[in-house]
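Fold and contact review
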Amino acid sequence: SVEVEMKVKRGKRRQTTSTNNQQQQPTNNQPTVNLTMAQPPPSQYSYTPPPNELPYYNALFSTADKSSVGQLSGPLAVEFLSLSKLPVDLLKQIWTMADQPASNTLDPSKFYVAVRLIQLFQNGKKPVDLALNLGEGEGAGVRAPF
């Protein structure tokens, strides 16, 4: 973990750097910045489509699961999720968010999360919780994904 902190004292800037618990002496007139390299583990999202949307989500999964094994490998998921026309970098983030715990495959429940995230991104919406719900009144005008 690396920490650098910005301090201003009596018009002069002091730098304090900490690297793996080793302290360096402050130096005058140099700006400092606080950085923490360690990242928390990804949160586990969940999404269960409402009963009226579940057949649609299941049909999407069946279409993507060409070999009918009940889960999507990375290449199959990429092929299908790319149909959303979202940027590849964003799709990578969606994959990481949906594939928790990480298995490098998407089962139906992880697929629901990925498709819901795609839907939210396509509609410019942000979820308010890990169940990918929208805030009150935010659901109006949200079109189906893909």
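For the structure given in this document, a descriptive report is provided here. (Residues numbered from 1 in each chain as written. Predicted model: local features only at pLDDT ≥ 70, side-chain atom pairs only at ≥ 80, totals over all residues. Heavy atoms only, no water.)

1. Considerations on the overall build of the protein chain
The secondary structure content of the protein chain amounts to four helices and six strands. Across the protein chain, helices and strands are ordered from the amino to the carboxyl terminus as β-β-β-β-α-β-α-α-β-α. Across the 146 residues in the protein chain, those meeting the buried criterion constitute 31%. Put simply, of all contacts in the protein chain between residues at least 6 apart along the chain, 48% involve residues at least 24 apart. Roughly 9,500 Å² of accessible area belongs to the protein chain as shown, and the carbon and sulfur atoms make up 52% of that amount. (Helix = DSSP H or I, 4+ residues; strand = E, 2+ residues; numbered from the N terminus. Buried < 20%, exposed > 50% of the residue type's maximum accessible area, 1.4 Å probe, protein only. Contact = heavy atoms within 4.5 Å. Areas by Shrake-Rupley, 256 points an atom, 1.4 Å probe, with all protein chains shown as cover.)

2. Focus on the packing of helix α3 (residues 88–98) against helix α4 (residues 108–122)
Running from N to C, α3 and α4 cross one another at 140°; their axes reach a closest spacing of 9 Å. On the basis of the axis angle, α3 is oblique to α4. Note that α3 runs across α4; the crossing there is right-handed. Every residue of α4 that contacts α3 at Leu90, Leu91, Ile94, Met97 and Ala98 is listed here: Lys110, Val113, Ala114, Leu117, Ile118 and Phe121. Here the contact of α3 with α4 is built from residues that sort into ten nonpolar, no polar and one charged. (Axes fitted to C-alpha atoms, helices over the stretch in contact; angles between N-to-C directions. Parallel < 35°, antiparallel > 145°, perpendicular 65-115°, else oblique. Left-handed = near helix turned anticlockwise from the far one by under 90°. Nonpolar A, V, L, I, M, F, W, Y, C, P; charged D, E, K, R; others polar.)

3. Description of α4
Think of an α-helix as 3.6 residues a turn; residues three or four steps apart then line up on the same face. Look at α4: 21 Å from first C-alpha to last across 15 residues, which is about the 21 Å you get at 1.5 Å a residue. For α4, the buried fraction is high: twelve of the 15 residues fall into the buried class. Along α4, the residues that are buried comprise Lys110, Phe111, Tyr112, Val113, Ala114, Val115, Arg116, Leu117, Ile118, Gln119, Leu120 and Gln122. Along its buried surface, α4 packs onto α1 (54–64), β5 (72–73), α2 (74–81), α3 and β6 (105–106). Immediately beyond the C-terminal end of α4, within one or two residues, lies Gly124, with a positive phi of roughly 65°. (Expected span 1.5 Å × (residues − 1).)

4. Things to note about the packing of α1 against α4
Between α1 and α4, the shortest axis-to-axis distance is 10 Å and the interhelical angle comes to 105°. One way to sum up the angle between α1 and α4 is to call them roughly perpendicular. Between α1 and α4, the contacting residues are Leu54, Tyr57, Asn58, Leu60, Phe61 and Ala64 on the first element and Pro108, Phe111, Tyr112, Val115, Arg116 and Gln119 on the second. For the contact of α1 with α4, the class distribution of residues is nine nonpolar, two polar and one charged.

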